[in-house]
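So you can see what is in the structure, the chains are spelled out below.
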Amino acid sequence: MKIVSKSSDSGKVVYNSDIIEPIVRFSLDKIDGVELSTAKKGSVNSRRNQGIRVESVSDLIYIDVYVKVRFSESVREIAYKVQQVIKNELETATNFKVKDVNVHVVDVEFS
């Protein structure tokens with residue numbers, strides 16, 4: 001857990017890295033044709049149990065998201081949009097700097 005604080009004449013703002021996952025989930029909700037993919041119940045695949053993995057190194061954030069894409073969508077375009085929206089939302093909402101957003105398309109939705 002990384003704590004970031006910022007002081008100004010108005011006061012101090014303090015937050016930790018636990019706010020990253022909800023922001024990533026919110027970002028994905030903005031994109032049509034993609035949804036977060038979580039491990040099936042009882043699965044031992046802990047790497048993507050929550051569909052989001054976050055690492056911080058120094059002042060940089062590295063994010064892996066595991067997603068399902070609607071069949072009618074371009075996987076390449078959706079993945080690029082996911083990267084851009086997550087990076088933009090996180091850097092706008094926090095002082096975190098996003099180094100990488102790795103998009104893992106692990107399923108295709110045919111409905």
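Residues numbered from 1 in each chain as written. Predicted model: local features only at pLDDT ≥ 70, side-chain atom pairs only at ≥ 80, totals over all residues. Heavy atoms only, no water.

**A short note on the side chain of Thr94**
Using the following cut-off: The numbering of helices and of strands both runs from the N terminus, where a helix is a DSSP run of H or I of at least 4 residues and a strand a run of E of at least 2. Here the term buried applies to any residue with accessible area under 20% of the maximum for its type, exposed to any over 50%, and partly exposed to those in between, with areas from a 1.4 Å probe on protein chains only. Distance and chemistry together define a polar contact, namely a pair of N or O atoms within 3.5 Å, with one atom able to donate a hydrogen and the other to accept it when in protein, and with adjacent residues in sequence counting only for side-chain atoms on both sides. The contact criterion used is simple: two residues touch if any of their non-hydrogen atoms lie within 4.5 Å.
Structurally, Thr94 is set in the loop between helix 2 (75-93) and strand 6 (97-109). For Thr94, a relative accessible area of 5% corresponds to the buried category. A polar atom in the side chain of Thr94 sits 2.6 Å from the backbone oxygen of Leu90. Only 3.1 Å separates the side chain of Thr94 from the backbone nitrogen of Phe96, close enough to count as a polar contact. Each residue touching Thr94, except ones within four places of it in the same chain, is listed here: Tyr15, Ile19 and Ile23.

**Focus on the side chain of Glu89**
In this fold, Glu89 is placed in helix 2. Given a relative accessible area of 18%, Glu89 falls into the buried group. In this structure the side chain of Glu89 is engaged in a polar contact, spanning 2.6 Å, whose partner is the side chain of Lys30. Those residues within four positions of Glu89 in sequence are excluded, and the remaining contacts are Ile23, Phe26, Ser27 and Lys30.

**Structural notes on helix 2**
Let me state the cut-off plainly: A helix's residues, less one, multiplied by 1.5 Å, set its expected span. Read the arc as the range of directions from the helix axis to the C-beta atoms.
For helix 2, spanning 19 residues, the distance from its first C-alpha to its last is 27 Å, which sits close to the expected 27 Å at 1.5 Å a residue. By the burial criterion, the buried members of helix 2 are Ile78, Ala79, Val82, Val85, Ile86, Glu89 and Leu90. One side of helix 2 carries all its buried residues, which in axial view fall inside an arc of 135 degrees. In helix 2, the exposed residues that point more than 90 degrees away from the buried face are Arg76, Glu77, Tyr80 and Thr92. Where helix 2 is buried, its residues touch helix 1 (20-29), strand 3 (34-36), strand 5 (60-70) and strand 6.

**A closer look at the confidence of the model for the protein chain**
Filter applied, for reference: Scored between 0 and 100, pLDDT is the confidence that the predictor attaches to each residue.
On average, the protein chain scores 85 in pLDDT, and the residues at 70 or more come to 85%. When pLDDT is averaged over each helix and strand of the protein chain, the minimum, 70, is found for strand 1 (residues 3-8) and the maximum, 96, for helix 2.

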